[in-house]
Number of protein chains: 2
Amino acid sequence: MLATLMYGAGDVRVEDVPDSVVEAPTDALVRVTASCICGSDLHPYHSMPADSGPARMGHEFIGIVEEVGDDVATLRSGDLVVAPFAYSDGTCRFCREGLHTSCEHGGFWDGLPKEGGQAELVRVPLADGTLVKLPVAADSALMPSLLTLSDVYGTGWHAAVSGGVAPGKSVTVIGDGAVGLLAVLSAKQLGAEQVVLMGRHPSRTDLGREFGATDVVAERGEEGIARVRELTGGHGTHVVLEAVGHRPAYDQAYGVVRPGGTISRVGVPQYDDAPVGFDSLFGGNITLTGGPAPTRAYVEQLLPAVLDGTVEPGKVFDRTIDLVDVPEGYRAMDERRALKVLVTP
Amino acid sequence: MLATLMYGAGDVRVEDVPDSVVEAPTDALVRVTASCICGSDLHPYHSMPADSGPARMGHEFIGIVEEVGDDVATLRSGDLVVAPFAYSDGTCRFCREGLHTSCEHGGFWDGLPKEGGQAELVRVPLADGTLVKLPVAADSALMPSLLTLSDVYGTGWHAAVSGGVAPGKSVTVIGDGAVGLLAVLSAKQLGAEQVVLMGRHPSRTDLGREFGATDVVAERGEEGIARVRELTGGHGTHVVLEAVGHRPAYDQAYGVVRPGGTISRVGVPQYDDAPVGFDSLFGGNITLTGGPAPTRAYVEQLLPAVLDGTVEPGKVFDRTIDLVDVPEGYRAMDERRALKVLVTP
């Protein structure tokens, strides 16, 4: 089968590898019908040492179940399924609380050295807990929007829910990538009154306005902070959704959050230490929250509005490529020629 | 009048200074009947440069109103009042939300160079918003417990409320100082099922048990973390209340918090940067919250149980001294010979 391997920073290849197979009785083997490249895939694309790979890539996919292990009860061959970016048993104490990313038996795709979504086949562990059946055909026009349930829509939603977005709240979203834009959409769905989108790519921020942003701030750093404060009566916003993961975004976040407010991070932090002292978080009773989104927890909740067309999160995809062209997909996203790239087999 | 001045680390003196007076029409002049020394006063006692002072000390006091400015409407001469550790107008948007420490016109006592609670007289700005009348006489036996409403009880309560302590939750309290012990009491009042107190002074942790701690862990660092995990099925507790303010306490906090849990800090951080990346906070969706407690917001709520004796937060005071002996009070607290020192004129 074909699969995507990253050999180091800037070095992505599609190669022929041994077919994935069912290994455990709780596995399902899924033939991928749609996958995509994530903004978070660009982090190793910038920094991965050449001698640490190759690594299988891709953690967002939809596909058709080809085979299931003996203990899989809820799925059968032929089912169309969406996979969240973490696998989980659905039954442990953390899954029952909706925190599937902390599942006692689960993990992330990058913990499975022979699997990845940017491929033809994927072995999915804990299939009953992980996969969700989709009530459409694999060629449905809804496919781009359904694919966002794997990660980017669920992640934007997690940011907004964790941040306590609610009717009447003001929100700043930092980052105009797919997650940032879907955090805008989520904040709007949750009733936010003002949604300030910080981003500087007009084609993206235009989509942000379509998703519900009331203001766009293109400036960054101190200038950007001053602009958001201007737009919010000098105080900043109740909630800040940080969808980037770099330190400057963190610093921007505590610069624009209102006293008593919340910074909700879903951009995977590319830093360890950051200011948490009196002048950044403590003095203003700022809450810092967020983490890897348990997107599995949100699929059933977000699915109806996707199916009936109330929301179209799939608008974040602005390019579709074949699996063999994935290296060009990475280049296009890295050079900001594409917002988010959908991959078909 | 006599007042306490800190000239530098380890150098506290009680000196004769000009009497405080009413300066603004919204001021009240209060003759102090009871004040105290705070664990947070020990931070400058350890680190204050000799050339930056002298600084007036004390931010917790009860006293009798001696004079009010022309615009003070709710208080009159002779009223017995308690002062929170921050003054606030009680009317701005933040006060109305219960975040009096972010009052648009308020501040902390250490921002007033000529005032402090460890003195005979204090000028209290924004008196209507700041002071709360107490329905007892100045010689009431309840005085130690009422004085904790200034800071330590309200601060422990703020930690627990901000951390989301609720029935069925497990809680770790880091620190067996007055705030930590009253965080234990608050967690118990809010229905916590398990309250693990991390502290290594038996006389203090005994009081912690009396206040509701179900377990005491004397070990610190990695050993302490392992012990708390042992006591909590390997997962840590839903909530961690950090009542110390030093970096090791922060590191301990993310070591003992459960995935999806909350660290609530009320110890004033003596550090700026700390780990917030994937391995500390982000990966487990840990929430970091807390800050200076808006104790003014909690006085009316906490007062009834103090007045009727349901709770006795004043048990944290284990020594009473005269104002002239305040330097010895600092030494006693610094050397852990006293938990918390009450000061009478």
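Look up: the structure comes first, before these words.
Values in this document were obtained by computation on a predicted structure and should not be read as measured data.

Enquirer: Which parts of the structure should I look at to understand unusual backbone geometry?
Expert: Residues and elements named next belong to chain A. Note that the residue after Gly53, namely Pro54, is joined by a cis bond; omega there is -5°. With respect to the helices and strands, the residue Pro54 is situated in the loop between helix H1 (42-47) and strand E4 (55-56). For Arg336, which is not glycine, the phi dihedral falls at a positive 60°. Relative accessible area serves as the criterion here: at 46%, Arg336 is assigned to the partly exposed category.

Enquirer: Teacher, can you tell me more about the relation of the copies chain A and chain B here?
Expert: Once chain A has been moved 0.0 Å along the axis and rotated by 180°, it coincides with chain B to within an RMSD of 0.0 Å. When the rotation and shift are considered jointly, the pair of chain copies conforms to a two-fold rotation axis. Among all C-alpha atoms of chain A, that of A:Leu288 lies closest to the rotation axis, at 2.5 Å. Taken together, the interface assignments show that 100% of the residues at the interface of chain A recur at the interface of chain B, consistent with an identical surface on both copies.

Enquirer: Any chance you could explain the pattern of salt bridges here in plain terms?
Expert: When their charged atoms lie close together, side chains carrying opposite charge are able to pair. All names here are of chain A. In total, this model carries 40 salt bridges over all chains according to the counting rule given. With a closest N to O distance of 3.5 Å, Arg123 and Glu23 form a salt bridge. Remark: Glu23 occurs in the loop between strand E2 (11-16) and strand E3 (28-36) and Arg123 occurs in strand E9 (residues 121-124); sequence separation between them is 100 residues. Given a relative accessible area of 12%, Arg123 falls into the buried group. Among the residues examined, Glu23 registers a relative accessible area of 44% and is labelled partly exposed. Across the pair Glu328 and Arg319 runs a salt bridge, and its minimum N-O distance is 3.0 Å. Among the charged side chains, a salt-bridge network with shared partners connects Glu23, Asp27, Lys114, Glu115 and Arg123.

Enquirer: Is there a simple way to explain the sheet that holds E2(A) in this structure?
Expert: Either a parallel or an antiparallel arrangement is found when strands of a sheet pair, and the pairing is made through backbone hydrogen bonds. Residues and elements named next belong to chain A. The strand order E2-E1-E4 describes an open sheet built from three strands, whose pairing is antiparallel. Among the strands making up the open sheet, the edge pair consists of E2 and E4. Inspection of the sheet shows strand E1 (residues 2-8) paired to E2 by six bridges, in the antiparallel sense. Counterpart to Thr4 in the pairing with E2 is Val14.

Enquirer: For this particular structure, what's the right way to read the packing of helix H6 (residues 178-189) of chain B against helix H7 (residues 202-211) of chain B?
Expert: How two helices pack is summed up by the angle between their axes together with the distance between the axes. Residues and elements named next belong to chain B. Running from amino to carboxyl end, H6 crosses H7 at an angle of 15°, the nearest separation of the two axes being 8 Å. Comparing their axes, H7 and H6 come out roughly parallel. Seen along the crossing, H6 lies across H7 with a hand that is right-handed. Here H6 contributes Leu181, Leu182, Val184, Leu185 and Lys188 to the contact with H7, which in turn contributes Arg204, Leu207, Gly208 and Phe211. Classifying every residue of the contact of H6 with H7 gives six nonpolar, one polar and two charged.

Enquirer: Which parts of the structure should I look at to understand a negative patch on the surface?
Expert: Negative charge collects at one region of the surface, where A:Asp272, A:Asp273, A:Asp279, B:Asp272, B:Asp273 and B:Asp279 lie side by side. Checked against the element boundaries, B:Asp279 lands in helix H10 (residues 278-282).

What counts, and where the lines are drawn
- Throughout this description, residue numbers start from 1 for each chain and increase along the sequence as written.
- To label them, take the chains in the order written and letter them from A, then take the ligands in the order written and number them from 1.
- With the structure being a predicted model, the display of local features is reserved for residues of pLDDT at least 70 and the display and counting of side-chain atom pairs for 80 or more, all residues being used for whole-chain, interface and lining totals.
- To obtain the side-chain values, all non-hydrogen atoms of the structure were included, while hydrogens and water were left out.
- Numbering goes from the N terminus for both helices and strands, where a helix is a DSSP run of H or I of at least four residues and a strand is a run of E of at least two.
- Throughout, exposure labels follow a simple rule: accessible area from a 1.4 Å probe, protein chains only, divided by the maximum for the residue type, with under 20% read as buried, over 50% as exposed, and the rest as partly exposed.
- The fit set for superposing copies consists of C-alpha atoms from residues with pLDDT of at least 70 in both; the fit itself is least squares.
- Note on definitions: a residue-residue contact is assigned when non-hydrogen atoms from the two residues lie within 4.5 Å.
- Whenever a carboxyl oxygen of Asp or Glu lies within 4 Å of a side-chain nitrogen of Lys or Arg, that contact is scored as a salt bridge.
- Here the rule is simple: two strands pair whenever DSSP picks up at least two bridges between them.
- Each axis is a line fitted through C-alpha atoms, and for a helix only the stretch in contact is used; angles between axes span 0 to 180 degrees, taken between their N-to-C directions.
- Roughly parallel refers to an angle under 35 degrees, roughly antiparallel to one over 145, roughly perpendicular to one between 65 and 115, and oblique to any angle outside these ranges.
- A clockwise turn of the near helix away from the far one marks a right-handed crossing, whereas an anticlockwise turn of less than a right angle marks a left-handed crossing.
- For this scheme, ten residues count as nonpolar: Ala, Val, Leu, Ile, Met, Phe, Trp, Tyr, Cys and Pro. Four count as charged, namely Asp, Glu, Lys and Arg, and the remainder, Gly too, count as polar.
- Each patch is built from residues lacking any salt bridge and having more than 30% relative accessible area; the joining distance is 9 Å for like charges and 5 Å for nonpolar side chains (Val, Leu, Ile, Met, Phe, Trp, Tyr).
- Only the protein chains shown count as covering a residue, and every accessible area follows the Shrake-Rupley method with a 1.4 Å probe.
- In this count, Lys and Arg are taken as positive residues and Asp and Glu as negative ones, while His and the chain termini are left out.
- Charge positions come from single atoms, namely NZ of Lys, CZ of Arg, CG of Asp or CD of Glu.

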